[in-house]
Amino acid sequence: MAVPVAALCCLLPLLPNGAVPGVPRWLGAPVDWPKVGLLGFLHGCWESLAQGLPTPCLHLVRRLLRRPPPPDRAPARPGVNAFFPVLFAGVLMLPPAAAALVAAPAALFGGPGGRRFRQRQLWNDSQLALCAFAAAAAFHLLHGPQLLLGSRFPAALLPGLAALAAFCLVNGVLVGVMLMLAEDRGADVLLRGACTVCGLPVLVHAAGGLMVAVLWQGPYGAFAALLALLPLSISAWVFAQGHRERDAHQATVQALVQAVEIKDAYTRGHSERVGRAAVLIADQLGMEAERLRTLRFAGILHDVGKLGVATELLRRNGPLSETERRAVEVHPVYGYELVRGIAFLGEAHDGILHHHERMDGRGYPSGLTGGQIPEFARIISVADAFDSMTSTRSYRRGRPVAEAVAELERCSGSQFDPVMVRALIDALAVHDWQPVLPPPPGDCLRAVPDIPLGVPEPVRVAPRRVPAQGGSVPTVGQP
């Protein structure tokens, strides 16, 4: 509640003269209320547009036409101020208290209903109000309004940069404090909060806000400012749709993983941990962000082919016969067939198909060797074996991380890519690995012998060979 209360205190200078003694003259300057209202309305509309949500205009039209309201949906970037130019234009054109008021309509009209969302929206907009107040105060203290009104450039850029710095500073501190309270971490998280609100997008949006303020106070007024917002609003809307598409991708992946984990309860959580371990390895190798995202999907979905394997074999508490083992080992082919039509997975297809290949060529399903094995598959192979050895399964107990690492090193070069093994070891030196798994149901650990730690032996007869890179995969069992 401290942030909303502080935001309300920022509005005190809007009270009539004399109601709040000791207020500096520049804080109590006359307010152009039509400009405040229009800026607040525009901020609410463009913020909704940038979040991929229905705008207040659409809500108003539906009410006038007595149409039912559109269904609620979550914002594309919850908790993020996705459209900054209008708010920053208010910082440059209005007194501090009035600039803080521009953020209010987004809290009143933006986003879906629900008490939890409304509370978060109130906190976010109170945060923005405090940032706008601090930024406008810095701008006024450096005589920015006079320089801006006279179009004195580049002299007016210095107060503008100071206002932007004040906005980012207050925003970063508030985000950092929120992270400290939510994650129970030390003051070092303040730096992380500052990094989340600074960067090139903020500079671009601030430049857009400066352009809006200059045009608004020019001979063409608000109309020219609205035209200046048009390209920025289109880019923000496209950006929001991209976030929604990524959310849809994530939902698709999670649905497939949940189906696997329902069928094979003993591997619950395994898919997510393999995805995390794969990202640790790739990050150590310097892989770019977009490929990291695809690799994470590949790691999460590496066992999706188990949906085509008999449930009884996946839940077997004892050893498998050779025929049963081959039936399980065909799951990479099933997985490839299942996801090959999902275009956004890209390189993940090869990672899913070949994650059980070995460097010495004795793996499956294609018997690839060394560099013939796709990079994603070599990474997932190490991540999969590492998590399998450190996790408790129905047929054996999990082992300490140090023992699992020693086993990976022993098999490095024959089964695993030495580069990937070394990258995992280096990553584990920085990132703690604590798999959290509930104990298996019943007393199966007492019923099943504790087999020695080790990487499974290669299959003696591999399933039907499949293409190394994409292509059509023959149906298993065909002659």
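Placed above this text is the structure.
Notes on the structure follow. Everything numeric here is computed off the predicted structure, so don't read it as measured data. (Residues numbered from 1 in each chain as written. Predicted model: local features only at pLDDT ≥ 70, side-chain atom pairs only at ≥ 80, totals over all residues. Heavy atoms only, no water.)

### Side note on the overall build of the protein chain
Inference 1: Helix and strand counts for the protein chain come out as 22 helices and 0 strands.
Inference 2: The buried share among the 479 residues of the protein chain stands at 47%.
Inference 3: Across the protein chain, contacts joining residues at least 24 apart in sequence account for 71% of those joining residues at least 6 apart.
Inference 4: Per element, the accessible surface of the protein chain, about 23,600 Å² overall, is 63% carbon and sulfur. (Helix = DSSP H or I, 4+ residues; strand = E, 2+ residues; numbered from the N terminus. Buried < 20%, exposed > 50% of the residue type's maximum accessible area, 1.4 Å probe, protein only. Contact = heavy atoms within 4.5 Å. Areas by Shrake-Rupley, 256 points an atom, 1.4 Å probe, with all protein chains shown as cover.)

### Regarding the packing of aromatic side chains
Inference 1: For the structure shown, the criterion picks out 1 aromatic pair.
Inference 2: Summarising the aromatic geometry, the rings of phenylalanine 297 and phenylalanine 344 are spaced 5.7 Å apart at their centres and angled 75° between planes, so their arrangement reads as edge-to-face. With phenylalanine 297 in helix H14 (residues 289-300) and phenylalanine 344 in the loop between helix H17 (331-339) and helix H18 (348-353), this pair connects stretches of sequence that are 47 residues apart.
Inference 3: Using a relative accessible area of 2% as the deciding quantity, one classes phenylalanine 297 as buried. (Phe/Tyr/Trp six-rings, centres within 6.5 Å; stacked < 30°, edge-to-face > 60°.)

### Thoughts on a nonpolar patch on the surface
Inference 1: Together, Leu169, Val173 and Val177 give the surface a local cluster of nonpolar side chains, amounting to about 250 Å² of exposed area.
Inference 2: For leucine 169, a relative accessible area of 58% gives the class exposed. (Patch = residues over 30% accessible without salt bridge, like charges linked within 9 Å, V, L, I, M, F, W, Y side chains within 5 Å. Salt bridge = Lys/Arg side-chain N within 4 Å of Asp/Glu carboxyl O.)

### Overview of the pattern of salt bridges
Pairs may arise between side chains of opposite charge once their charged atoms sit close together.
Inference 1: This structure, assessed with the given rule, holds 14 salt bridges.
Inference 2: A salt bridge links arginine 291 to glutamate 347; the nearest nitrogen and oxygen atoms lie 2.8 Å apart. You can see arginine 291 sitting in helix H14 and its partner glutamate 347 sitting in the loop between H17 and H18, a full 56 residues away along the chain.
Inference 3: Close ionic contact of arginine 291 with glutamate 375 constitutes a salt bridge, the shortest N to O distance being 2.9 Å. Of this pair, arginine 291 sits in helix H14 while glutamate 375 sits in helix H19 (residues 375-390), and the two are 84 residues apart along the sequence.
Inference 4: When its relative accessible area of 27% is taken as the criterion, glutamate 375 is described as partly exposed.
Inference 5: It is possible to trace a salt-bridge network through shared partners that takes in Arg291, Glu347 and Glu375.

### Details of unusual backbone geometry
Inference 1: Put simply, tyrosine 364 and proline 365 share a cis peptide bond, and its omega is 10°.
Inference 2: Of note, proline 365 is situated in the loop between H18 and H19.
Inference 3: The phi dihedral of histidine 143 is positive, around 60°, even though this residue is not glycine.
Inference 4: Tracing the chain through its elements places histidine 143 in the loop between helix H7 (115-141) and helix H8 (144-149).

### A word on helix H11 (residues 200-216)
Inference 1: For H11, with 17 residues, the first-to-last C-alpha span of 24 Å sits near the 24 Å given by 1.5 Å per residue.
Inference 2: Buried within H11 we find Val202, His205, Ala206, Gly208, Gly209, Leu210, Val212, Ala213 and Trp216. (Expected span 1.5 Å × (residues − 1).)

### Observations concerning the environment of isoleucine 425
Inference 1: Its location among the elements puts isoleucine 425 in helix H21 (residues 418-428).
Inference 2: Measuring from C-alpha to C-alpha, the distance between isoleucine 425 and isoleucine 281 comes to 8.5 Å, with 144 residues separating the pair along the chain.
Inference 3: When neighbours within four sequence positions are excluded, isoleucine 425 is seen to be in contact with Val405 and Glu409.

### Comments concerning the side chain of histidine 354
Inference 1: By the secondary structure assignment, histidine 354 is in the loop between H18 and H19.
Inference 2: Residue histidine 354 is classed as buried on the basis of its relative accessible area, which comes to 0%.
Inference 3: Side chain to side chain, histidine 354 and glutamate 357 meet in a polar contact 3.0 Å long. (Polar contact = N/O pair within 3.5 Å; in protein donor to acceptor, adjacent residues only side chain to side chain.)

### Describing the side chain of arginine 293
Inference 1: Here arginine 293 is to be found in helix H14.
Inference 2: Note on arginine 293: relative accessible area 18%, which makes it buried.
Inference 3: Among all residues touching arginine 293, those that are not within four sequence positions of it are Arg246 and His249.

### Topic: H19
Inference 1: Look at H19: 23 Å from first C-alpha to last across 16 residues, which is about the 22 Å you get at 1.5 Å a residue.
Inference 2: In terms of burial, H19 is a largely internal element, 15 of the 16 residues being buried.

### Some details on the environment of leucine 320
Inference 1: On the secondary structure map, leucine 320 appears in the loop between helix H15 (311-314) and helix H16 (322-329).
Inference 2: Given a relative accessible area of 33%, leucine 320 falls into the partly exposed group.
Inference 3: Sequence-distant contacts of leucine 320, that is, excluding residues within four places in its chain, are made with Leu313, Arg325 and Val328.

### Notes on the nonpolar core
Inference 1: Judged by nonpolar contacts, the single largest core of 44 residues is most densely connected at Ile281, Leu295, Leu301, Ile379, Val382, Phe386 and Leu408.
Inference 2: Where this core is concerned, the elements lending two or more residues are helix H12 (221-263), helix H13 (270-285), H14, H18, H19, helix H20 (401-410) and H21.
Inference 3: Looking at this core element by element, the count peaks at 8 residues for H19.
Inference 4: Contact partners of isoleucine 281, with chain neighbours within four places excluded, come to Ile379, Val382, Ala383, Met420, Ala423 and Leu424.
Inference 5: Ranked by size, the runner-up nonpolar core spans 36 residues in total, among them Leu42, Leu164, Val202 and Ala225. (Core = buried A, V, L, I, M, F, W, Y, C linked by side-chain atoms within 4.5 Å.)

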